[in-house]
Amino acid sequence: MKRIAVLTSGGDAPGMNAAIRAVLNQGMHHGLEVYGVYHGFQGLVEGDLRLLTVNDVHHQIKLGGTLLHSARYPEFKERKNQERAIEQLKKQKIDGLIVIGGDGSFQGALSLTKLGFPAIGIPGTIDNDIPGTEYTIGFDSAVTVALDAIDKISDTAASHERTFVIEVMGRHAGDIAIWAGVAAGADAIIIPEESFDMEQVAYTVRAGRRSGKDYSLIILAEGAMAVDEFVAEFKEHVPEQSVRGVALSHIQRGGAPTARDRVFATSMGAKAVDLLLEGQAGVYLGINEERVSIFDIVETLEKNEHKVREDLYKLNLELTDRDL
Ligand code: ATP
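Cut-offs and rules
- Sequence order as written defines the numbering, with residues in each chain counted from 1.
- Local features in this predicted model are restricted to residues whose pLDDT is 70 or higher, and side-chain atom pairs enter the listing and the counts only when it is 80 or higher, whereas totals over whole chains, interfaces and linings include all residues.
- UniProt positions are given in the numbering used here, feature names are shortened, and annotations may be inferred rather than shown by experiment.
- By the criteria applied, helices consist of DSSP H or I runs no shorter than four residues and strands consist of E runs no shorter than two, each listed in order from the N terminus.
- We compute the radius of gyration over the C-alpha atoms and compare it with the globule rule, which gives 2.2 Å times the number of residues raised to the power 0.38.
- Residues are called buried when their C-beta atom has 20 or more other C-beta atoms within 10 Å, exposed when it has 12 or fewer, and partly exposed otherwise; all C-beta atoms are positioned from the backbone.
- By definition, residue pairs are in contact when their C-beta atoms, positioned from the backbone, come within 7 Å.
- In this entry, near means the residue's backbone-placed C-beta atom lies within 6 Å of the molecule or strand.
- Three categories are distinguished: nonpolar for Ala, Val, Leu, Ile, Met, Phe, Trp, Tyr, Cys and Pro, charged for Asp, Glu, Lys and Arg, and polar for the others, with Gly belonging to the last.
- In this description, a nonpolar core means buried residues of the types Ala, Val, Leu, Ile, Met, Phe, Trp, Tyr and Cys, linked to one another by C-beta atoms lying within 7 Å.
- Domain limits in this description derive from either an automatic procedure or a database domain assignment.
- Here, a strand pair is defined by DSSP locating no fewer than two bridges between the strands.
- Axis definition: a line fitted to C-alpha atoms, over the contacting stretch in the case of helices. Angles run 0 to 180 degrees between N-to-C directions.
- For classification, angles of less than 35 degrees are called roughly parallel, those exceeding 145 degrees roughly antiparallel, those between 65 and 115 degrees roughly perpendicular, and all remaining angles oblique.
- Handedness of a crossing follows from how the near helix is turned relative to the far one, being left-handed for an anticlockwise turn of less than a right angle and right-handed for a clockwise one.

The protein appears in an unreviewed UniProt entry as ATP-dependent 6-phosphofructokinase from Suicoccus acidiformans. Word for word, the UniProt comment on the protein under Cofactor (unreviewed entry) is "Mg(2+)".

Counting its secondary structure elements, the protein contains 12 helices and 11 strands. In terms of overall dimensions, the protein is globule-like: its C-alpha atoms have a radius of gyration of 22 Å, near the 20 Å expected for 324 residues. For the protein, the spread of C-alpha atoms along the principal axes amounts to about 70 × 40 × 35 Å. For the protein, the residues scored as buried account for 49% of the 324 residues in total. Looking at the protein alone, contacts between residues at least 24 apart form 76% of all its contacts between residues at least 6 apart.

A word on the UniProt feature "binding site: Mg(2+)" (unreviewed entry) in the protein. The UniProt record annotates "binding site: Mg(2+)" (unreviewed entry) at Asp-103. Ignoring anything within four residues of it in the chain, the contact list for Asp-103 reads Ile-130 and Leu-301.

This brings us to the site of the ligand. Around the ligand lies a shell of 19 residues, among which Gly-10, Gly-11, Gly-102, Gly-104 and Gly-108 are the nearest. No other element matches helix 5 (residues 103-114), which puts six residues into the shell around the ligand. Across the shell around the ligand, the residue classes break down as four nonpolar, 11 polar and four charged.

All right, on to the nonpolar core then. In terms of nonpolar packing, the biggest core is built from 97 residues, with Ala-19, Ile-176, Ala-177, Ile-219 and Leu-220 touching the most fellow members. The dominant element in this core, judged by the number of residues it contributes, is helix 10 (residues 259-278), at eight residues. Each of domain 1 (3-126 + 259-288) and domain 2 (140-251 + 310-319) gives at least three residues to this core. For Ala-177, the contacting residues outside a window of four places in its chain are Val-168, Gly-170, Ile-189, Ile-190, Ile-191, Ile-219, Leu-220 and Ala-221.

The bulk of non-glycine residues show a negative phi, and the bulk of peptide bonds are trans. One non-glycine residue, His-69, lies in the positive phi region at around 60°. Structurally, the position occupied by His-69 is in the loop between helix 3 (54-57) and helix 4 (79-91). For His-69, a count of 17 C-beta atoms within 10 Å corresponds to the partly exposed category.

Attention shifts here to the sheet that holds strand 2 (residues 33-37). Pairing within the open sheet is mixed, and its seven strands lie in the order 3-2-1-4-5-10-11. Either end of the sheet is taken by a strand with one partner, and the two such strands are strand 3 (49-51) and strand 11 (291-296). Across the sheet, the mean angle separating the axes of adjacent strands is 25° when strand polarity is ignored. As judged from the two bridges shared by strand 5 (residues 119-123) and strand 10 (residues 283-288), these two strands associate in the parallel manner. By the bridge assignment, Gly-121 is partnered in strand 10 with Tyr-284. Docked against the sheet, helix 10 engages strand 1 (3-8), strand 4 (96-101), strand 5, strand 10 and strand 11, running at close to 170° with respect to strand 5.

Helix 9 (residues 227-237) packs onto helix 8 (residues 198-210) with a crossing angle of 65° between their chain directions and a minimal axis gap of 9 Å. What the angle tells us is that helix 8 and helix 9 run roughly perpendicular. Helix 9 is crossed by helix 8, and the crossing has right-handed handedness. Across from Met-198, Glu-199, Val-201 and Ala-202 in helix 8, the residues of helix 9 making contact are Glu-233, Phe-234 and His-237. Tallied by class, the residues present in the contact of helix 8 with helix 9 amount to four nonpolar, one polar and two charged.

In structure tokens, the structure reads:
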């Protein structure tokens, strides 16, 4: 193996640049040439790739987003586009590909491996929703940004003695809501994985106020309910309170990656290169007990579902359990 390539696909996540840098540097350490594919699988099919140099990744470890740009390209599910992608790679004499993205992107990587081209995945998504791995690149940064915004909102909430319902990202997963909620000392955390009773949420908020709190925070995962809908329903249960809703939205995807995201991205980027050199394919990397682990794409994604940290969710329920 003399040449490999790397691409980013799906939603961008802080730390993707750190992973790209590690792929290049580890590739150079092993005497490889590393190509960057721009605009995800679409760029791969269109031949939008070029040799990366240290200058391309210099200074990027601390930046959010992805220097290779990302794209959603559902047409990559078609075999003719997968074959065209392999033609583009072979034209440049590239022998292996590293795909940084979510589980959809891993399916793209798998389709190439099934056609005989080795590809390996690295989990890059703020949602932390990939089965197997306890951690995805970008999650810690997104939680940190969400928490910073929630802390700021709590200043104004306290001044006006308000209840704020704050919608955070995560698609179908409640991980960002749980971590940001526990860290912010939220009165309630609403996630798609657990059912909730609006009357019970109202009771908890009221009990908090009675016990001396001057504001209340409800952290709502976007996958559970839209914030406007939640606020409209919640207000009917607490007519005496001033309630506001806010969606933090795409701000959570931006900003400098945290140290944790940079370290894990760097570890997984380097390991992906080592695996390609060992002849592995059809696998993705993840983190288990703080260490890089290897997962089979077919086995793990088909047989497992992502699980949220139920213990943290329950802990928050216990810590907010008060009598009116
Ligand atoms: P995130 O959910 O964080 O945005 P993701 O990688 O899961 O990340 P998707 O939009 O599901 O995001 O997938 C990204 C891209 O991967 C798609 O636009 C498509 O190019 C490719 N892809 C997804 N599913 C498949 C599949 N079954 N076969 C081939 N390619 C796929």
